[in-house]
Amino acid sequence: MKWIHVKAIFESNDIPLAEELVSDIFFGLGLQGVVCQIPMDAPPEGFASDAVEVSDETYVSGYLPDSDTSMEIIEKIREKAEELQSKSEGLQSQSGLYINIVIKTEIVDQEDWAEAWKSFFYVTRITEHIVVKPEWRTFAPHQKDIVIEIDPGMAFGTGTHPTTAMCVALIEKYLMPADTFLDVGTGSGILMIAGAKLGARRLCGIDNDEVAVEVACQNLEKNAIDPDRYHVEKNTLDIYLAENQPPPKFDIVTANIISEVIIEILGDIKKSLSDGGTVILSGIIREKEGIVLAALEEYGFSIAEIRYEGEWVAIAAKL
Ligand SMILES: C[S@@+](CC[C@H](N)C(=O)[O-])C[C@H]1O[C@@H](n2cnc3c(N)ncnc32)[C@H](O)[C@@H]1O
């Protein structure tokens with residue numbers, strides 16, 4: 001099978017915001033293995049020289065299966081990039097954002113994709129003590145570091161996306177040792193691994209995508225999480241709760257999914273939370289923050305904390 005490697009090389013006066021806006025285009029159009037690259041002069045302390053890329057280009061890249069529709073998708077990427085560019089020209093006087101994007105594509109075959117993908121994924125410190133490390137990179141952790149080894153394969157969740165990083169940071173803050181943990185939309189299993197390494201007693205992950213379930217299980221195993229502590233299944237939350245009566249209760253529930261899905265499943269999230277439990281929601285874009293907050297209020301949650309990164313919002317709320 002052949003894949004198309006799409007690279008959006010950009011220049012901007014606000015790199016984090018530009019990175020968010022460009023990666024949104026890639027995620028929104030379903031590209032896989034999306035990574036962001038920001039130039040770095042030298043590896044930071046503790047990072048082996050192969051752990052971070054030292055490059056002078058700033059870009060977001062991802063992969064598309066080479067099919068009848070791939071040219072159409074690439075055209076949409078170009079259109080959205082141009083739209084963003086012209087909007088930023090219009091915005092320049094208001095927000096001060098400048099962005100210039102060049103789209104490049106290249107065809108790679110299946111094996112190359114597997115290897116090429118890996119070459120774009122580096123060690124990332126996502127909180128003061130939590131580091132995500134692709135299993136093929138070298139990294140010397142500090143004494144207090146918690147290292148999550150990940151091979152996301154075709155599933156979402158490298159840790160480099162702000163929606164995941166904000167979730168991990170909120171888990172680190174709100175999870176108490178021996179808590180029970182449910183991750184709805186587990187993807188690569190990264191949040192479950194963070195939960196397990198931060199001391200969760202029992203963990204459950206559900207995802208409606210079979211590939212994600214396989215990848216999550218592999219990653220949990222790679223991180224030496226005791227299989228007696230966790231369970232991952234292909235399911236949706238409503239069916240999971242209907243199949244398990246009385247519904248199991250969890251101290252922490254995470255859902256890094258788009259706002260519309262979060263709102264749709266909020267009633268079921270409430271059913272699966274223990275009294276005093278915490279829900280951590282991410283994947284919310286700023287313009288949807290209001291409707292998610294309104295839904296939380298309607299279900300009787302109180303907001304513990306809201307975090308922002310670029311265009312993204314993550315919320316911790318309590319029952
Ligand atoms: C943005 S990814 C998050 C992955 C990972 N938890 C993270 O934080 O990086 C969202 C995941 O939710 C899954 N998903 C989407 N809608 C879902 C639903 N209604 N029920 C269960 N999983 C869902 C997708 O298959 C995908 O793996």
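One numbering rule holds for all chains: residues counted from 1, following each sequence as written. A pLDDT threshold of at least 70 governs which residues receive local features in this predicted model, and a stricter bar of 80 or more applies before side-chain atom pairs are shown or counted, although totals over entire chains, interfaces and linings include all residues. Excluded from the side-chain calculations are hydrogens and water; all other atoms, namely the structure's heavy atoms, are used.

Per an unreviewed UniProt entry, the protein carries the name Ribosomal protein L11 methyltransferase and comes from Desulfamplus magnetovallimortis. UniProt positions are given in the numbering used here, feature names are shortened, and annotations may be inferred rather than shown by experiment. Of the protein, the UniProt comment under Subcellular location (unreviewed entry) reads exactly: "Cytoplasm". Under the UniProt heading Catalytic activity (unreviewed entry), the note attached to the protein is "L-lysyl-[protein] + 3 S-adenosyl-L-methionine = N(6),N(6),N(6)-trimethyl-L-lysyl-[protein] + 3 S-adenosyl-L-homocysteine + 3 H(+)".

## Some remarks on the site of the ligand
Summary of the distance rule: residues count as near a molecule or strand when at least one heavy atom falls within 4 Å of that molecule or strand. Around the ligand, a shell composed of 17 residues is seen, among which T164, G185, D207, N208 and N256 lie nearest. We call two N or O atoms a polar contact when they sit within 3.5 Å, provided that within protein one can donate a hydrogen and the other can accept it, with sequence-adjacent residues counted only if both atoms are side-chain atoms. The contact in question runs from a nitrogen atom of the ligand to an N or O atom on the backbone of G185, over 2.9 Å. With respect to the ligand, the backbone of N208 contributes an N or O atom lying 3.2 Å from a nitrogen atom. Charged means Asp, Glu, Lys or Arg here, nonpolar means Ala, Val, Leu, Ile, Met, Phe, Trp, Tyr, Cys or Pro, and polar covers whatever is left, Gly included. Partitioned by chemical class, the residues of the shell around the ligand number five nonpolar, nine polar and three charged.

## A word on the environment of A304
Elements are defined by DSSP. Helices are runs of H or I of four residues or more, strands are runs of E of two residues or more, and each kind is numbered from the N terminus. Following the sequence through the fold, A304 ends up in strand β13 (residues 302–309). When a residue's accessible area, from a 1.4 Å probe over protein chains only, is under 20% of the maximum for its type it is buried; when over 50% it is exposed; and in between it is partly exposed. Relative accessible area serves as the criterion here: at 37%, A304 is assigned to the partly exposed category. With 130 residues separating them in the primary sequence, A304 and Y174 have C-alpha atoms 9.7 Å apart. Apart from the residues lying within four places of it in its own chain, the contact partners of A304 are Y174, A316, A317 and K318. Should any heavy atoms of two residues lie within 4.5 Å, those residues are counted as being in contact.

## Description of the packing of aromatic side chains
Aromatic rings from Phe, Tyr and Trp, taking only the six-membered ring of Trp, are treated as a pair when their centres fall within 6.5 Å; an angle between ring planes under 30 degrees marks them as stacked, one over 60 as edge-to-face, and anything in between as tilted. Going through the model one piece at a time under the given rule, you end up with zero aromatic pairs. The cationic tip of K7 hangs over the ring face of Y59; the distance from NZ or CZ to the ring centre is 4.3 Å. Geometrically, a lysine NZ or arginine CZ counts as sitting over a ring once it is within 6 Å of the ring centre and also within 35 degrees of the ring normal.

## Overview of a negative patch on the surface
Among the surface-exposed residues, E75, E79, E82 and E83 lie close enough to one another that they form a single negatively charged patch. Relative to the helices and strands, E83 is located in helix α2 (residues 70–91). Given the relative accessible area of 45%, E83 is considered partly exposed. Patch definition: residues with relative accessible area over 30% and no salt bridge; like charges joined within 9 Å; nonpolar side chains (Val, Leu, Ile, Met, Phe, Trp, Tyr) joined within 5 Å. For every accessible area listed, the method is Shrake-Rupley and the probe measures 1.4 Å; residues are considered covered only by the protein chains on display. By convention in these notes, a salt bridge is any Lys or Arg side-chain nitrogen within 4 Å of a carboxyl oxygen on Asp or Glu. When charges are tallied, Lys and Arg are placed among the positive residues and Asp and Glu among the negative ones, while His and the ends of the chain are skipped. Positions of charges follow a simple convention, taking NZ of Lys, CZ of Arg, CG of Asp or CD of Glu.

## Topic: the UniProt feature "binding site: S-adenosyl-L-methionine" (unreviewed entry) in the protein
In the numbering adopted here, UniProt assigns the feature "binding site: S-adenosyl-L-methionine" (unreviewed entry) to T164, G185, D207 and N256. Overall, the relative accessible area of 9% leaves D207 in the buried class. What D207 contacts, discounting residues up to four positions off in sequence, is G185, T186, G187, A212, V213, E233, K234 and N235. Within the secondary structure, N256 is located in strand β11 (residues 250–256). When its relative accessible area of 17% is taken as the criterion, N256 is described as buried. In this structure the side chain of N256 is engaged in a polar contact, spanning 3.1 Å, whose partner is the side chain of T163.

## Brief notes about the side chain of E19
Residue placement: E19 occurs in helix α1 (residues 15–28). No salt bridge forms around the buried E19; measuring N to O, its nearest opposite-charge neighbour R286 is 14 Å away. Ignoring anything within four residues of it in the chain, the contact list for E19 reads F10, C36, I38 and V60.

## Quick notes on the pairing of strand β8 (residues 180–184)
Among the five residues that make up β8, five are buried, leaving the element largely enclosed by the rest of the structure. In this scheme, strands are said to pair when DSSP sees at least two bridges between them. Sheet topology places β8 next to strand β9 (residues 202–207); five bridges connect them, and they run parallel. Bridging across to β9, T180 finds its partner in R202. Seen with its strands pointing away from the viewer, a crossover is right-handed when the path leading from the first strand over the helix to the second is clockwise. With helix α5 (residues 190–197) bridging β8 and the parallel β9, this β-α-β connection has right-handed handedness. Direction of pairing for β8 relative to β11: parallel, over a ladder of four bridges. Within β11, the position partnered with V184 by the bridge is A255.

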